[in-house]
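What follows is the residue order along each chain.
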Amino acid sequence: MSAAMDTESTYSGYSHYSGHSKKAHRQGRDRHKSPRSKDGSRSEKSVTIQTPPAEPLLGNDASRAEEGQDDNWGETTTAITGTSEHSISQEDIARISKDLEDSVGLDCKRYLGLTVAAVLGLLVFLTPIAFILLPQILWRDDLEPCGTVCEGLFISVAFKLLILLIGTWALFFRQPKADLPRVFVFRALLLVLIFLFVFSYWLFYGVRILDSKDTNYQGIVQYAVSLVDALLFIHYLAIVLLELRQLQPMFTVKVVRSTDGESRYYSLGHLSIQRAALVVLENYYRDFTVYNPALLTASKSRAAKHMAGLKVYNVDGPGNNASGQSRAMIAAAARRRDSSHNELYYEEADHERRVRKRRARLVVAVEEAFTHIKRLQAEEQQKAPGEMMDPREAAQAIFPSMARALQKYLRTTRQQQYHSMESILQHLSFCITNNMTPKAFLERYLNPGPTLQYDRDRWFSKQWTLVSEEAVTSSLQDDVVFVLKCLDFSLVVNVKKIPFIKLSEEFIDPKSHKFVLRLQSETSV
Amino acid sequence: SYLISFSFQQRIEIHKLRQGDNLLLGFSIGGGIDQDPTQNPFSEDKTDKGIYVTRVTAGGPAEVAGLQVGDKIMQVNGWDMTMVTHDQARKRLTKRNEEVVRLLVTRQSLQKAVQQSMMS
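Procedures and definitions
Residues numbered from 1 in each chain as written. Chains lettered and ligands numbered in written order. Predicted model: local features only at pLDDT ≥ 70, side-chain atom pairs only at ≥ 80, totals over all residues. Heavy atoms only, no water. Helix = DSSP H or I, 4+ residues; strand = E, 2+ residues; numbered from the N terminus. Contact = heavy atoms within 4.5 Å. Areas by Shrake-Rupley, 256 points an atom, 1.4 Å probe, with all protein chains shown as cover. Expected span 1.5 Å × (residues − 1). Buried < 20%, exposed > 50% of the residue type's maximum accessible area, 1.4 Å probe, protein only. Pairing = 2+ DSSP bridges. pLDDT = per-residue confidence, 0-100. Phe/Tyr/Trp six-rings, centres within 6.5 Å; stacked < 30°, edge-to-face > 60°. Lys NZ or Arg CZ within 6 Å of the ring centre and 35° of its normal.

A. Quick look at the overall build of chain B. Looking only at helices and strands, chain B has three helices and eight strands in total. Secondary structure elements of chain B occur, N-terminal to C-terminal, as β-β-β-β-β-α-β-β-α-β-α. For chain B, long-range pairs separated by at least 24 residues make up 67% of all intrachain contacts whose partners lie at least 6 apart in sequence. With an accessible surface of roughly 7200 Å², chain B has 51% of that area assigned to carbon and sulfur atoms.

Next up, the structure:
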């Protein structure tokens, strides 16, 4: 067992090392491209690595060699389309096994749903107009003349249809921001309701009016008006079910990231599990600091050392039970005089001091660099045209004096992957343009920010899987736990109901605030 | 063996010391019905508003007479001191025409009681 653990730690060590070599070459272009990202933007470029899929360690070497050769491999390599759903990193080469049918199936489902809804919507919208026009077309001469009342009804139908159109546009015509695993129950219910409703109206119309050629035109127009009224009420129902019901907070949700324990709390209303997962993910990109695998290597190496220190030999033959073995190992580990806690303490103190020192150097360097730049006022701009620089050039001029300190700081805090020289220059010219102080410029580098702040390629988290013991369309309950897994880490979500609050009232008369002096004096006699 | 706490009464006769124009007794009092009983460190019952001895000057007339810190003064020359204000207590103790005051005090005491069986 220890041999496997050793291999695993070596393996992750590999990927860490290759991460460093990556930085040497490129500015931010690497293999973390996924063509189908969550927000619906679709690029036709599907990109991955052409390696034999079943050899983890050898595959590592081959891809590293390939990296060094071709800078434009992103554009020129053809894809194994099955893997285009994932964001591929070095570790994932061994895990390429996604099915082609899955990706095709999901898309079909989404498009199907949209088409059905669109067709139904069009049908529903044209129905009242058809109800009004058909008698005119088919048996115009037999119709009773219908004066101002009908004209009034025509106007009201027209405006109600307009309102319905605007309302439907506002409510439903939005760019889909996510691709959920199961169908959205309320939407499906509403579609079914609308379909049944319109179907029954058509049935009635066909039988009672078309077949018998009813001559009471006013009645027909009023029938059409009642349809439009009912449609408006269904629209109201849609608003309440889809938008209003989940606004009132009923549950508090705790989200914990599995790799480093970072946690947040959110308030949610009545939602299904998949919609709650969607809310959590939307907030994840804004609230959680970016996932940095480089920060986890220390604890992984400690874990490997713990396991490597104890080797268990099976002397009793294959019949030995595994649980007895593991218990013996844990007991032996507890008895062993382990000084790793000491190491951890000193290592952390050391690291803290190093970071602080580098940070001080960085702040001083940046402050000094910023003093070299001065904004020219309008009058001054005519006076010295030769020396004027635009923000980009100004940034490039002062960048070298702070580059070294910044790079050292980023290396110490293991953030160097997230900031390329180009991005730093861009940020610097942005800060210069907007009159920001050195501290404002540094804010982005001193603390790791939320995932959204960084380049898409460094996200490590674009394809999510919802793992849940209950059906994902069931609504949230107290003590529900579900996990949002992406390839490198997972978010464990724990749902708790907000307690029923019993609030009572107590009236205090403002005149009842009275006080006495409480003394304790001591007198000598 | 274990400790028993009990209170006993003691009669103490203090002869005032004349210092210039004043007659000193050599101790300080605290407490009174107009004071805060919860701040009294010597009382067992924190609602007790009686007069307590808070300090005894070394070598003074009170110490010589046997008064101790923490004693509760019940009577002074026959006057009751359990329901008086702080100032009234002071006045009763510092009457100019009295040279001797006879106090009735209550004292808490902790004594070790030895088990009978061990003696026999």
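B. Fine view of helix α11 (residues 340-371) of chain A. Over its 32 residues, α11 of chain A extends 46 Å from the first C-alpha to the last, a length consistent with the 46 Å expected when each residue adds 1.5 Å. Looking at the packing, one finds that the buried side of α11 of chain A touches α13 (391-412), α14 (421-433) and α15 (438-446) of chain A.

C. Molecular detail of the pairing of strand β4 (residues 27-31) of chain B. With five of five residues buried, β4 of chain B is to be regarded as a mostly interior element. Side-chain alternation along β4 of chain B places Phe 27, Ile 29 and Gly 31 of chain B on one buried face and Ser 28 and Gly 30 of chain B on a second face that is also buried. Pairing analysis gives three bridges linking strand β6 (residues 522-524) of chain A to β4 of chain B, with the strands arranged antiparallel. Within β4 of chain B, the position partnered with Glu 522 of chain A by the bridge is Gly 30 of chain B.

D. Representation of helix α5 (residues 148-172) of chain A within the structure. Look at α5 of chain A: 35 Å from first C-alpha to last across 25 residues, which is about the 36 Å you get at 1.5 Å a residue. Those residues of α5 of chain A that fall on the buried side of the exposure criterion are Cys 150, Leu 153, Val 157, Leu 161, Leu 164, Gly 167 and Leu 171 of chain A.

E. Structural detail: the confidence of the model for chain B. Per-residue confidence for chain B gives a mean pLDDT of 88, with 92% of residues at or over 70. Predicted as a complex, the structure gets a pTM of 0.62 and an ipTM equal to 0.82.

F. View of the packing of aromatic side chains. All names here are of chain A. Inspection of the entire model under this criterion finds 22 aromatic pairs over all chains. Ring geometry for Phe 197 versus Tyr 201: centroids 4.9 Å apart, planes at 50°, classification tilted. Of the two residues, Phe 197 and Tyr 201 both sit in helix α6 (residues 185-210), four residues apart, roughly one turn of that helix. An aromatic cluster is built from Phe 131, Phe 197, Tyr 201, Trp 202, Phe 204, Tyr 205 and Tyr 223, whose rings are joined through pairwise contacts. The ring of Phe 489 carries Arg 257 above its face, with NZ or CZ at 5.8 Å from the centroid. One cation-aromatic arrangement involves Arg 264 over Phe 288; the distance from NZ or CZ to the ring centre is 5.3 Å.

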